[in-house]
Amino acid sequence: MGKKGIQFILGFVIAFGLGYLIYQGVGQKPVEVADTPITEPAPASTSTQPASTTTAEADVFVQKGCLACHAVSGLGLDGGVTGPDLSQSFLNVEDKHGVPLDEFLKKPTSAVMSGVIGGNPLTDEERQALIEALKKASGH
Ligand code: HEC
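The sections below set out a description of the structure shown in this document. Residue positions are counted from 1 within each chain, in the order its sequence is given. Local features in this predicted model are restricted to residues whose pLDDT is 70 or higher, and side-chain atom pairs enter the listing and the counts only when it is 80 or higher, whereas totals over whole chains, interfaces and linings include all residues. The basis for every side-chain value is the complete set of heavy atoms in the structure, and neither hydrogens nor water enter the calculation.

## Some thoughts on the overall build of the chain
Each helix and strand in the chain was counted, giving 6 helices and 0 strands. Taken from the N to the C terminus, the helices and strands of the chain come in the order α-α-α-α-α-α. Throughout, a residue-residue contact means that at least one pair of heavy atoms, one from each residue, lies within 4.5 Å. Long-range pairs, those at least 24 residues apart, make up 45% of the contacts in the chain between residues at least 6 apart in sequence. Each helix is a run of DSSP H or I of at least 4 residues and each strand a run of E of at least 2, with the numbering of both proceeding from the N terminus.

## Quick word on the site of the ligand
Proximity criterion: a residue is near a molecule or strand once any of its heavy atoms comes within 4 Å of it. Residues in contact with the ligand amount to 22 residues; listed here are only the nearest, C66, C69, H70, H97 and M113. Counting of polar contacts relies on pairs of N or O atoms within 3.5 Å, with two restrictions inside protein: one atom must be capable of donating a hydrogen and the other of accepting it, and residues adjacent in sequence are counted only when both atoms are side-chain atoms. A distance of 2.6 Å is found between a nitrogen atom of the ligand and a side-chain nitrogen or oxygen belonging to H70. A distance of 2.6 Å separates an oxygen atom of the ligand from a polar atom in the side chain of K96. Residue assignment for the shell around the ligand shows that the elements contributing at least two residues are α3 (89-97), α4 (101-106) and α5 (111-119).

## Side note on the side chain of E126
Among the structural elements, E126 can be located in helix α6 (residues 124-137). A distance of 2.9 Å separates a polar side-chain atom of E126 from the backbone nitrogen of T123. Setting aside residues no more than four positions away along its own chain, E126 makes contact with V60, K64 and P121.

## Remarks on the coordination of the iron atom of the ligand
Only nitrogen, oxygen and sulfur atoms within 2.8 Å of the metal, or 3.2 Å for Na, K and Ca, are treated as donors, and water is left out, so sites may look incomplete. For the iron atom of the ligand, every protein donor is listed as H70 (NE2) and M113 (SD), and the spread of their distances is 1.9 to 2.2 Å. Tetrahedral means four donors with every angle between 85 and 135 degrees, whereas square planar (four donors) and octahedral (six donors) require angles over 155 degrees between opposite donors and between 65 and 115 for all others; sites fitting neither are termed irregular. Note that the iron atom of the ligand binds 6 donor atoms; their angles at the metal cover 85 to 178°, and the shape is octahedral. Note that H70 is positioned in the loop between α2 (51-63) and α3 and M113 in helix α5, a separation of 43 residues in sequence. For the residue pair H70 and M113, the accessibility class agrees, reading buried in each case. Each residue is assigned to one of three classes by its accessible area relative to the maximum for its type, calculated with a 1.4 Å probe on protein chains only: buried under 20%, partly exposed between the two thresholds, exposed over 50%.

Laid out in structure tokens, this is it:
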């Protein structure tokens, strides 16, 4: 009888525990927030672009992981501070790095960016999209 009793209790505990785990697993699904856009267009006057345009431009930066290290305040994008804010890059990359922005994004002359681009090259379209976005960010 003693053994049966223990088996009964064990069975109960296992069934109850499993049920709890499964319930938890199911319960967690609706909590996911993956679809929430990371960046909202900047409030107020920083941008005169319609919100949809701003978001499309932001996409490349988000997809390529640029915002991990860079903000682009000219487009209302917050980001990491490892690299400089890219808002003026369209204008100043040639001065700072000795090559035009297009060249810089193909074959960066900076060590950190060489690593970034070398490990995850940009397609021509992505580069064009980034340059267009950075042009807008600079106010041109
Ligand atoms: C791992 C962090 C990191 C990531 C990710 C990163 N960058 Fe950079 N980036 C830097 C750093 C640091 C510099 C400054 C390098 C220097 O001055 O030598 C820089 C410089 C630049 C510059 C020159 C700007 C200036 O004022 O010097 C541009 C343009 C640029 N990055 C674009 C991008 C783009 C576009 C992406 C996404 C495809 C990207 N970066 C992703 C770290 C990063």
